[in-house]
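# Fold and geometry: a report
These are the residues of each chain, in order.
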Amino acid sequence: MTNPYLPYEATIIERIQESPNLFTLRLCFTDPKLQSDYCFEPGQFNMLYLYGVGEIPISIVSDPKDEHIIDHTIRAVGRVTNAMSNLKPGARIGIRGPYGRGWPILEAEQRDVVVVTGGLGCAPVVSVINYMSHRRERFGKLNIVQGVKHSNDFIWRDRYDHWRELPDTKVLLAADDGEPIWPWHVGRVTDLFDQLEFNKDHVIVMLCGPEGMMRVVIKHMLEQGVAAKDIWLSMERNMQCAVGHCGHCQFGAKFICKDGPVFCYEDVKSLLGQRGF
Amino acid sequence: MTNKNSKVEFLPRSHFQELIEHLQQAGYTCVGPQVHEHAIHYAELAHADFLPQGMSEEQSPGQYRLHEAGHDRYFAWANGPQALKPLLFTPREALWQSSNNCEDNASLCFKELIPEQRPLAVIGARACDLAALYIHDKHFLQHGYRDPYYLARRKNMLLIAVNCTHPADTCFCASTGDGPRATYGYDLLLNELDDGFIIESHSEKGVAIQTQLNLQAAEASQLEQANDAVEQAAARQTRGLPAQNLSQPLLDNLHHPHWEEVAQRCLSCGNCTAVCPTCFCHSELDEPVLDGSHSVHYRQWDSCFCQKHSYIHGMTIRDTAGLRYRQWMTHKLGSWHEQFGRSGCVGCGRCITWCPVGIDITEEAKVICSGDQHD
Ligand code: SF4
Ligand code: SF4
Ligand code: FES
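These numbers come from a predicted model, not from an experiment. (Residues numbered from 1 in each chain as written. Chains lettered and ligands numbered in written order. Predicted model: local features only at pLDDT ≥ 70, side-chain atom pairs only at ≥ 80, totals over all residues. Heavy atoms only, no water.)

Another aspect to go through is the overall build of chain B. Assigned secondary structure in chain B consists of 13 helices and 16 strands. A globule of 375 residues ought to have a C-alpha radius of gyration of about 21 Å, and chain B, at 22 Å, matches this closely. Dimensions of chain B, computed from C-alpha atoms along their principal axes, come out at roughly 65 × 65 × 35 Å. Counting all 375 residues of chain B, 59% fall into the buried class. Residue pairs at least 24 apart in sequence account for 71% of intrachain contacts in chain B once pairs closer than 6 positions are excluded. Per element, the accessible surface of chain B, about 15500 Å² overall, is 50% carbon and sulfur. (Helix = DSSP H or I, 4+ residues; strand = E, 2+ residues; numbered from the N terminus. Rg over C-alpha atoms; globule rule 2.2 N^0.38 Å. Buried < 20%, exposed > 50% of the residue type's maximum accessible area, 1.4 Å probe, protein only. Contact = heavy atoms within 4.5 Å. Areas by Shrake-Rupley, 256 points an atom, 1.4 Å probe, with all protein chains shown as cover.)

Turning our attention to the overall build of chain A. Helices and strands together make up the secondary structure of chain A, namely eight helices and 15 strands. In terms of overall size, chain A behaves like a compact globule, its C-alpha atoms giving a radius of gyration of 18 Å where 277 residues would be expected to give roughly 19 Å. Judged by the C-alpha coordinates and their principal axes, chain A covers about 50 × 45 × 35 Å. The buried share of chain A, taken over its 277 residues, is 61%. In chain A, 69% of the contacts between residues at least 6 apart in sequence involve partners at least 24 apart. Separation of charge centres in chain A, based on 30 positive and 34 negative side chains, amounts to 5 Å. (Lys, Arg positive; Asp, Glu negative; His and termini not counted. Charge placed at Lys NZ, Arg CZ, Asp CG, Glu CD.)

Residues and elements named next belong to chain A. Under the domain assignment used here, chain A contains domain 1 (8-99) and domain 2 (105-268). Each of domain 1 and domain 2 has a C-alpha centre, and these two points are 22 Å apart. In this complex, domain 1 contributes 21 residues to the contact, which on the side of domain 2 involves 22 residues. For the pair domain 1 and domain 2, the summed buried surface comes to about 1700 Å²; carbon and sulfur atoms form 65% of the total. Arg135 serves as the salt-bridge partner of Asp63, at 3.0 Å between the closest nitrogen and oxygen. Linking domain 1 with domain 2 are five residue pairs in polar contact (both at pLDDT 80 or more). (Domains from an automatic or database assignment. Buried area = accessible area lost by both parts, 1.4 Å probe. Salt bridge = Lys/Arg side-chain N within 4 Å of Asp/Glu carboxyl O. Polar contact = N/O pair within 3.5 Å; in protein donor to acceptor, adjacent residues only side chain to side chain.)

Moving on to the packing of helix 9 (residues 258-265) of chain B against helix 11 (residues 321-340) of chain B. When two helices pack together, their arrangement is given by the angle between their axes and by how far apart the axes lie. All names here are of chain B. Direction vectors running N to C along helix 9 and helix 11 enclose 110 degrees, while the axes themselves pass 8 Å from each other. Here helix 9 is positioned roughly perpendicular relative to helix 11, judged by the angle of their axes. Pair helix 9 / helix 11 crosses with right-handed handedness. In contact with Trp259, Glu260, Val262 and Ala263 of helix 9, helix 11 contributes Ala321, Gly322, Tyr325, Arg326, Met329 and Thr330. Along the lines of polarity and charge, the residues of the contact of helix 9 with helix 11 split into six nonpolar, two polar and two charged. (Axes fitted to C-alpha atoms, helices over the stretch in contact; angles between N-to-C directions. Parallel < 35°, antiparallel > 145°, perpendicular 65-115°, else oblique. Left-handed = near helix turned anticlockwise from the far one by under 90°. Nonpolar A, V, L, I, M, F, W, Y, C, P; charged D, E, K, R; others polar.)

Now for the sheet that holds strand 3 (residues 45-50) of chain A. Residues and elements named next belong to chain A. The sheet built from six strands is open, its strands ordered 4-3-6-1-2-5 with antiparallel pairing. Edge positions in the sheet fall to strand 4 (54-59) and strand 5 (70-75), since each of these pairs with one other strand and no more. Between one strand axis and the next, the sheet turns through 40 degrees on average, direction left out of account. Here strand 1 (residues 8-19) pairs with strand 2 (residues 22-29) via eight bridges, running antiparallel. Of the residues in strand 2, the one forming a bridge with Thr11 is Cys28. (Pairing = 2+ DSSP bridges.)

Moving on, we get to the environment of Asp177(A). All names here are of chain A. In this fold, Asp177 is placed in strand 9 (residues 169-177). Judged by relative accessible area, which is 45%, Asp177 ranks as partly exposed. Sequence separation of Asp177 and His150 is 27 residues, and the distance between their C-alpha atoms is 4.7 Å. Discounting residues that sit within four places of it in the chain, Asp177 has contacts with Lys149, His150 and Ser151.

When we look at burial in helix 9 of chain B, the residues that qualify are His258(B), Trp259(B), Val262(B) and Ala263(B). Projected down its long axis, helix 9 of chain B shows its buried positions confined to an angular sector of 145 degrees, all on one face. (Arc of directions from axis to C-beta.)

Moving on, we get to the pairing of strand 8 (residues 142-150) of chain A. A regular strand places its side chains so that they alternate between the two faces of the sheet. Residues and elements named next belong to chain A. Among the nine residues that make up strand 8, seven are buried, leaving the element largely enclosed by the rest of the structure. For strand 7 (residues 112-118) and strand 8, the ladder comprises six bridges, and the chain directions are parallel. Residue pairing in the sheet places Thr117 in a bridge with Gln146 of strand 8. Strand direction decides the pairing type here: strand 8 and strand 9, joined by eight bridges, are parallel. Bridge assignment links His150 to a residue of strand 9, and that residue is Asp177. In this fold, the crossover linking strand 8 to strand 9 by way of helix 5 (residues 157-164) has right-handed handedness. (Right-handed = clockwise from strand over helix to strand, strands pointing away.)

Turning our attention to the packing of helix 9 of chain B against helix 13 (residues 361-370) of chain B. Residues and elements named next belong to chain B. One way to put it is that helix 9 packs onto helix 13 with a least axis distance of 10 Å and a crossing angle of 155 degrees. In terms of their interaxial angle, helix 9 and helix 13 are classed as roughly antiparallel. Counted together, His258, Trp259, Val262 and Arg265 of helix 9 and Glu364, Val367 and Ile368 of helix 13 form the full contact between these two elements. Of the residues contributing to the contact of helix 9 with helix 13, the split by class is four nonpolar, one polar and two charged.

On the secondary structure map, Asp302(B) appears in the loop between strand 14 (295-301) and strand 15 (311-312). Here Asp302(B) occupies a buried position and makes no salt bridge, while the nearest side chain of opposite charge, Lys308(B), is found at 7.3 Å. Within the structure, Asp302(B) has its side chain in polar contact with the side chain of His248(A) (distance 3.0 Å). When near neighbours in sequence (up to four residues on either side) are disregarded, Asp302(B) contacts His248(A), Cys281(B), His282(B), Ser283(B) and His309(B).

One finds Phe16(B) and Leu23(B) to be the most contacted residues of the largest nonpolar core, which totals 114 residues. A per-element tally of this core places helix 3 (residues 127-142) of chain B first, with nine residues. Apart from residues lying up to four places away in sequence, Leu23(B) is in contact with Tyr28(B), Cys30(B), Ala121(B), Ile123(B), Leu158(B), Ile160(B) and Ile209(B). In terms of nonpolar packing, the next biggest core, distinct from the first, is built from 35 residues, Ala123(A), Val128(A), Ile155(A) and Trp182(A) among them. (Core = buried A, V, L, I, M, F, W, Y, C linked by side-chain atoms within 4.5 Å.)

Residues and elements named next belong to chain B. Domain boundaries assigned for chain B yield domain 1 (9-90 + 114-235) and domain 2 (247-283 + 302-370). Measuring from the centre of the C-alpha atoms in domain 1 to the corresponding centre in domain 2 gives 28 Å. Every contact between the two is made by 31 residues of domain 1 and, on the other side, 29 residues of domain 2. Taken together, the links from domain 1 to domain 2 amount to two salt bridges. With its nearest N and O atoms 2.7 Å apart, the salt bridge here joins Asp178 to Arg342. Where domain 1 meets domain 2, there are 19 residue pairs in polar contact (both at pLDDT 80 or more). Those elements that place two or more of their residues in the side of domain 1 that touches domain 2 are strand 4 (55-60), strand 5 (63-68), helix 3 and helix 5 (173-176). Counting residues per element, the side of domain 1 that touches domain 2 draws most heavily on helix 3, at 10 residues. Here the side of domain 1 that touches domain 2 is composed, by residue class, of 15 nonpolar, 12 polar and four charged.

Now the structure itself:
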């Protein structure tokens, strides 16, 4: 029996500064066998451990078919992530995972897909967009909508530019507050929704970002006639164990770490938006 | 369910020490109730003389008083603040350690710290605590990931249950369906009478111990006496929850003014969660040792009454006492059903007794679930 609490050593292969407080660690298990056996689904996460400091849940942004490297994009906001941001290539950290349930990629095959994200980075959907972009023929029309507070927060321009070039793919960007050279929409993501192209009976909607934003998008999608069962969202709560034991991540009866972090809207709608849950 | 090889027999009180000796000879360290700091606690038990003979107690919201009651019984009291939970899911334990052999994080080794557990025989487990054990067995061993720390302790534990005959005023196990008769997980079962015990086995391990004891046949009148005592213990309970499954009434009343009323009394001290035998929340922390040679990763009990419990990205999801009390009760009496197929409350009454301000889960649930907004 393996111990679900025990991390394994991994090496930082590369460190990329994405924005002033966002960085990507490209990691590889030190044990080659662990690295080659490792598999995950887009939307799942790992627990990363920094020696003497602690653990933190971080979603995986690389492609599941990439056998050599596991990427995590991390925002330096707390004790562990701030300390982690000082690590250099060659440094060792601990990894355990992957945990939780990812995006419904099999259900999404042959359907149109709308991905809406808000806030900084939104790593949980970057992995699934990458996944679909590398297997573009398996999916219907692809709509990628990203909203940020300020245009300076927008990262990965090159990725969005690349996705824009994919067949049958729409990339829509909005900033609440844009600098004069911001070429995209200034305002809310929902302002862009009349430009989306999808068949409401044959679509999967994937959401990630602040819950307030996701609720607004869900309301809009339901009004458009999209079924609750076709709307999926990635949620976040305090996590300590990642294996459904510590109780911190509970959202009503759901454990975000093992029943999520990606949920079907239908399964969480009774409490979504209720203060205190 | 009684083991097919089990006999229902009588163990005279004067021979109770033999049970302890046989357990010790079989390799068990005995753990049993003892008086410690004016309350009954479970601790290593070397001899029957250390059992709380003649003791009884009174409990009411925010009150616990132990006293000499002038009888010869060992188990004529209702539970103290803790029983089985800390023996299996310990208040604090090391999970693993890491060592950072070179400078600059250039190498990192991990070592798991699974406890070396001596086989324990727990004497005196009550129905409510065994019902809570059922929940923790599910939580730590059967729902997805198996917890190797809990398992190491659990697999070596022999349980000797005692049916309750002296419920406290705060007890309501009859209403939750969890007592006073033990129904889960025990190897041997005792019913205490004035001069001894009815004893029966419920597992092979239990039979192995029972057959070594010098026992008498149990008489029909003794069995009847034992049965009556348990039935009276159920009948004497006055508290209760409005229903066994309160998921819907609680969901329907998330904005009931009574949450705020409780919050004005609640100190957010977390006593209720610490004494509750089913609460499982814990946090993890990493502590480097002083000489810098390694760092130990621990888990320790946490409580949904702590601000930090729901902290994420600079915000606290439950930043008021009302939201925290609501989380506790809607989980315990509501969402627990979806998670475990039963309520998270086994009616032990501890959260009532050990709440410094006497908040009473049965009373609060009644008000909130009645839906009557004018309280
Ligand atoms: S909620 Fe209170 S009465 Fe119910 S099991 Fe927990 S401590 Fe006992
Ligand atoms: S209900 Fe009572 S025991 Fe629980 S946190 Fe509030 S004051 Fe403490
Ligand atoms: S993170 Fe511990 S239960 Fe989900």
